[in-house]
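Chain residues, written in single-letter form:
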Amino acid sequence: MSALAHRLRPVTVRAAVRVAIQGGALTAGAALVLTGCGAGGGAGHHISADSRASGSASAAGSPSRTGSPSPSGPTARPSRSAAAPGASPAAPASSAAGTAAACTNASKLAGWSDRRLAMLTIAVPASEDAVGSVAPEVAAGAGGVLLFGSSAPSGLGADLTALKKQVPGGIGLLVMTDEEGGAIQRMDNLVGSLPWPGWMGAHWTPDQIRQAAARVGARMAAAQVNMDLAPVADVDGSGEVPGRGNPDGLRSFSGDPAVAARDTVAFMNGLRSAGVVPVLKHFPGLGGSTVNSDFAPAHTVPWSAELNGGLTPFSTAIAAGAPAVMMSNDSVPGLTTLPAGLSATMIGTELRGRLGFHGLVLTDSLSAGAVSGAGYSMPQAAVQALRAGADMVMFDLGPTVQAQTSAIASAEVAAVADGRLPRTRLLAAATSVLAARQVDLCRG
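Every value quoted in this text rests on a predicted model; they were computed, and no experiment measured them.

A. Examining the packing of aromatic side chains more closely. Counted under the stated rule, the structure contains three aromatic pairs. Residues Trp199 and Trp204 carry aromatic rings whose centres are separated by 5.7 Å and whose planes lie at 80 degrees to one another, so their mutual orientation is edge-to-face. Look at Trp199 and you get buried, because its relative accessible area is 13%. Seen in terms of ring centroids, Phe283 and Phe314 are 5.3 Å apart; in terms of plane orientation they differ by 90 degrees. Their pairing is edge-to-face.

Structure (structure tokens):
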């Protein structure tokens, strides 16, 4: 994701990978790309490196590391976004014997076990040609399923419909994948091919981008996929194929912050019009990143430079009602030495505070080299991400998905039990997941 939350996949040649990309945007030489979530990890199974609530966040996490204090920057705070689309309205208070408290998702979730709440914060990775393999995790209450692959089976919609029947209480499931454009598409054989975002930004109007995203989104929805780990809101414009040295390149709409912002919003609105949840990534922006964080620790340009351009597409899209944001795994010089998705300063002070974002916050892949390089195991990173303010965590597809899912849920439960993770933070994360899924527990 560039998810799904993610690691850059090894470079592979995808035969005629949209070689002429909708009118000859690229030559065959540009078909050397990573097929992962966002650029993504090995064997086609990593989340894009991309595939990459309320409640107060705690300070540092399991290795003793913290983000630096946020500087008081000169930038004006953008207008606060509206509540995430699909957020559950509070049910009217009943007045049987006096005034009873109104029913809300939060009040319902308060009665759930810590284990069930923890499962709701996890997006479980699955191969798109074997989605039934994660039925036990879905039955245990996983909040989402992250699809990996490069050619979706024709029966994907039926397979996902059957999988959703395993969800406890029939309250829906976030099913997500990477459909960015160019070589970062997992199910283009079903939904249609898109050019690289860099090509779209240079050759298409915003309305053409919106219409193209709407067409792809409608086909995703028909196949029961309701979340796209796109658009990439990073400002790059280098025109190169993403790889180990640059996680963005052609995945970015432009090197001009204003153009990148305009086209990010157009793509986002196209998906939303089709009923698919768009996910802006990778906050606070990977343009100018030192390396691809899927493989090793990386950092963005200095925070002052992000404030002067990199944040523009995010702030613009958030003001336009963006429902979800994926964090990066880069650290940010001048702000935090932690990967951004593990930093309370980055999520709480900057994304939630400065930009006024109130929707769903996802991590990039916790399998990334930048996360392990910071001293965190995957379960430790999941706990730290939630403490920092993230709502949903993601990791790569591999042979031990069941064990990893269980270890993450157990780590979150243990952290609540020993006080490292406030239960209010777990409740807030679960509430955000249900809002993104447009679930109202008070109905029915």
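Text resumes after the structure shown.
B. Quick look at the confidence of the model for the protein. Of all residues in the protein, 77% have pLDDT values of 70 or greater, and the mean over the chain is 84. A low-confidence stretch, residues 1-99 (pLDDT under 50), is modelled with 401 contacts involving residues beyond four sequence positions or located in other chains.

C. How the structure looks around the sheet that holds strand E8 (residues 227-228). Taken in spatial order, the nine strands make up an open sheet running E9-E8-E5-E4-E3-E13-E12-E11-E10, and their pairing is parallel. The two strands at the open ends of the sheet, each matched to only one other strand, are strand E9 (277-278) and strand E10 (280-283). Here five bridges tie strand E3 (residues 122-127) to strand E4 (residues 144-148), and the two strands are oriented parallel to one another. Of the residues in E4, the one forming a bridge with Val124 is Val145. Contacting strand E5 (174-177), E9, strand E12 (360-365) and strand E13 (392-394), helix H16 (residues 423-436) runs over the sheet at an angle of about 100 degrees to E12.

D. A look at the state of the cysteines. What the rule picks out here adds up to one disulfide. Linked covalently through their sulfurs, Cys103 and Cys442 form a disulfide whose S-S length is 1.9 Å. The sign of the -90 degrees torsion about the S-S bond sets the Cys103-Cys442 disulfide as left-handed. Placement of the pair is Cys103 in the loop between strand E2 (32-34) and helix H2 (105-109) and Cys442 in the segment after H16, with a sequence separation of 339 residues. Exposure remark for Cys103: the relative accessible area of 22% places this residue in the partly exposed category.

E. Up close: the environment of Thr161. Here Thr161 shows up in helix H5 (residues 156-164). With relative accessibility at 34%, the residue Thr161 sits in the partly exposed group.

F. Expanded view of the side chain of Glu350. Within the fold, Glu350 resides in helix H12 (residues 344-354). Within the structure, the side chain of Glu350 is placed 2.4 Å from the side chain of Arg354, a separation counted as a polar contact.

G. Here's a closer look at the packing of helix H9 (residues 257-273) against helix H11 (residues 312-319). Viewed as axis vectors pointing N to C, H9 and H11 meet at an angle of 40 degrees, and their least axial separation amounts to 8 Å. At the point where H9 passes H11, the crossing takes the right-handed sense. Residues Pro257, Ala260, Ala261, Thr264, Val265 and Met268 of H9 lie in contact with H11, whose contacting residues are Thr312, Pro313, Thr316 and Ala317. Looking at the contact of H9 with H11 residue by residue, the class counts come to seven nonpolar, three polar and no charged.

H. Region of interest: the pairing of E3. Among the six residues of E3, six are classified as buried, and the element is accordingly described as predominantly covered. Across two bridges, the pairing between E3 and E13 is parallel. By the bridge assignment for E13, Ala123 is matched with Met394.

I. Representation of the environment of Asp236 within the structure. Here Asp236 lies in the loop between E8 and H9. Given the relative accessible area of 17%, Asp236 is considered buried. Considering only alpha carbons, one finds Asp236 and Leu286, 50 residues apart in sequence, at a separation of 7.8 Å. Those residues in contact with Asp236 that sit more than four places away from it in its chain are Asn246, Asp248, Gly249, Ser252, Ser254 and Gly255. One polar contact links Asp236 to Asn246, side chain to side chain, over a distance of 3.1 Å. A polar side-chain atom of Asp236 sits 3.0 Å from the main-chain amide nitrogen of Gly249.

J. Broad picture of unusual backbone geometry. The omega angle of the peptide bond from Ala230 to Pro231 is 10 degrees, so this bond is cis rather than trans. Take Pro231: it is sitting in the loop between E8 and H9. Cis geometry is adopted by the peptide bond preceding His282, which originates at Lys281 and carries an omega value of 0 degrees. Positive phi values are uncommon outside glycine, yet Gln224 reaches one of about 70 degrees. Looking at the secondary structure, you find Gln224 in the loop between helix H8 (206-222) and E8. Backbone geometry at Gln438 places phi at a positive 55 degrees, although glycine is not the residue there. Structurally, Gln438 can be placed in the segment after H16. On the basis of relative accessible area, Gln438 is assigned to the exposed category, the value being 57%.

What counts, and at which threshold
Residues numbered from 1 in each chain as written. Predicted model: local features only at pLDDT ≥ 70, side-chain atom pairs only at ≥ 80, totals over all residues. Heavy atoms only, no water. Phe/Tyr/Trp six-rings, centres within 6.5 Å; stacked < 30°, edge-to-face > 60°. Buried < 20%, exposed > 50% of the residue type's maximum accessible area, 1.4 Å probe, protein only. pLDDT = per-residue confidence, 0-100. Contact = heavy atoms within 4.5 Å. Pairing = 2+ DSSP bridges. Helix = DSSP H or I, 4+ residues; strand = E, 2+ residues; numbered from the N terminus. Axes fitted to C-alpha atoms, helices over the stretch in contact; angles between N-to-C directions. Disulfide = S-S within 2.5 Å. Polar contact = N/O pair within 3.5 Å; in protein donor to acceptor, adjacent residues only side chain to side chain. Left-handed = near helix turned anticlockwise from the far one by under 90°. Nonpolar A, V, L, I, M, F, W, Y, C, P; charged D, E, K, R; others polar.

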